[in-house]
Amino acid sequence: MNRARIVDSHCHLDFDTFESELDAIVERATAAGVHRILTICTKFRNLKKTVEIAEKFEQVWFAAGTHPHYAAKEPLATPEFIAEVAMHPKMIGIGETGLDYHYTKESARRQMKSLESHIEASRLTGLPLIVHSRSADDDMCEVLGREFALRPFSCVMHCYSSGKRLAELALENGFYLSMSGIATFRNASEIREILSSAPIDKILVETDAPYLAPPPHRGKRNEPAYAAITARHCAEFLGISYCEFAEITTANFNRLFSKAA
């Protein structure tokens, strides 16, 4: 059994694809050395299900927010509402929130308002912001840079797959970058270059399950156990041992998500 302990810092256990086998999924994660899992609620109407999962499993924590895909379809969550939800002892992060112009550019203004609301909730609670960014680097740089200058907050750029400019701004502000299965894909050399140049104490690892499974499972359903596979790939291209990578990224998780630690 693998003695190295790793964290899956971002997945979606409330999705229907996992519903009938959650016990087995958590057991497989534990067997793979994934000793802590952060599951993300992407719309508040699903909050009850997410909370029930986190309360059932000792090693599962949760974060909640409005994903940019749903920003135009869901009620705008106020900072005060999000802060009230965050009083739950197992809620350790705000989001995911962000900007996605790949699929939902038509709702850009609404996404921006939602992102700003989540940023203020992060400030109110002291919990880290979890940011999704796709095809929106310029606007993301503008809003994160402006808001951080107004009043700082902590943040992780989840499933990092954006450009160098956004990575540089994030790291300048002390934010974290999270490696997903994308970092293991053959055609992701630019992402590996960005992540390899980042300070290792600002790196997390995640699955984003059920999406983005690493090889040899690419194209199939992802699950938290595969965080260990992604971590092995990441350790290899960073030139360190898997055990060292697991230890560092677990410490990084504990530092950022200190409520769980």
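See the structure above.
In this text the structure is predicted, and so the values were computed from the model without any measurement.

Draft legend 1. Inspection of helix 9 (residues 242-256) at higher detail. Under the 1.5 Å per step criterion, the end-to-end length of helix 9 is 21 Å for 15 residues, consistent within 8% with the ideal 21 Å. Within helix 9, the full set of buried residues consists of Tyr-242, Phe-245, Ala-246, Ile-248, Thr-249, Thr-250, Asn-252, Phe-253 and Leu-256.

Draft legend 2. Just the packing of helix 5 (residues 137-150) against helix 6 (residues 164-172), in detail. In the contact formed by helix 5 and helix 6, the axes pass within 9 Å of each other and the chain directions differ by 15 degrees. Taken together, helix 5 and helix 6 sit at an angle that is classed as roughly parallel. You can see that helix 5 and helix 6 cross each other, and the crossing is left-handed. In this structure, helix 5 uses Asp-137, Asp-138, Met-140, Cys-141, Leu-144 and Gly-145 to contact helix 6, whose residues at the interface are Arg-165, Leu-166 and Leu-169. Of the residues in the contact of helix 5 with helix 6, the class split is five nonpolar, one polar and three charged.

Draft legend 3. Summary view of the layout of surface pockets. Counted as a void, the largest pocket has a volume near 620 Å³. Residue lining of the largest pocket: 26 residues in total, with His-69, Asp-100, His-132, Arg-134 and Asp-208 positioned closest to the centre. Sorting the residues of the lining of the largest pocket by element identifies strand 4 (91-100) and strand 5 (129-134) as the ones contributing at least two each. In terms of residue count, the dominant contributor to the lining of the largest pocket is strand 5 (three residues). A breakdown of the residues in the lining of the largest pocket according to their chemical character gives seven nonpolar, eleven polar and eight charged.

Draft legend 4. Expanded view of the pattern of salt bridges. Enumeration according to the criterion identifies 17 salt bridges in this entry. For Glu-223, the salt bridge identified is with Arg-221, shortest N-O distance 3.6 Å.

Draft legend 5. Up close: the nonpolar core. Counting residues in hydrophobic clusters, the biggest one holds 77 residues, and the most contacted among them are Leu-13, Met-140, Leu-144, Met-157, Leu-177 and Phe-245. Discounting chain neighbours no more than four positions away, the residues touching Leu-177 are Met-157, Tyr-160, Ala-167, Ala-170, Leu-171, Leu-195, Ala-198, Lys-202, Ile-203 and Leu-204. Of all hydrophobic cores here, the second largest spans 14 residues; its members include Ile-92, Val-156, Phe-253 and Leu-256.

Draft legend 6. Layout of the sheet that holds strand 5. With parallel pairing, eight strands are arranged side by side in an open sheet as 1-2-3-4-5-6-7-8. The open sheet has two edge strands, strand 1 (6-11) and strand 8 (203-205), and neither has a second partner. For this sheet the average axis-to-axis angle between neighbouring strands, irrespective of direction, equals 30 degrees. Bridge count between strand 4 and strand 5: five bridges; the pairing is parallel. Its bridge partner lying in strand 5, Thr-97 is registered against Val-131.

Conventions and cut-offs
Residues numbered from 1 in each chain as written. Predicted model: local features only at pLDDT ≥ 70, side-chain atom pairs only at ≥ 80, totals over all residues. Heavy atoms only, no water. Helix = DSSP H or I, 4+ residues; strand = E, 2+ residues; numbered from the N terminus. Expected span 1.5 Å × (residues − 1). Buried < 20%, exposed > 50% of the residue type's maximum accessible area, 1.4 Å probe, protein only. Axes fitted to C-alpha atoms, helices over the stretch in contact; angles between N-to-C directions. Parallel < 35°, antiparallel > 145°, perpendicular 65-115°, else oblique. Left-handed = near helix turned anticlockwise from the far one by under 90°. Contact = heavy atoms within 4.5 Å. Nonpolar A, V, L, I, M, F, W, Y, C, P; charged D, E, K, R; others polar. 1 Å grid on protein atoms, 1.4 Å probe; cavity = no way out; pocket = protein on both sides within 12 Å on 5 of 7 lines; lining within 4 Å. Points joined across faces, edges and corners; volume = space filled by probe spheres on them. Salt bridge = Lys/Arg side-chain N within 4 Å of Asp/Glu carboxyl O. Core = buried A, V, L, I, M, F, W, Y, C linked by side-chain atoms within 4.5 Å. Pairing = 2+ DSSP bridges.

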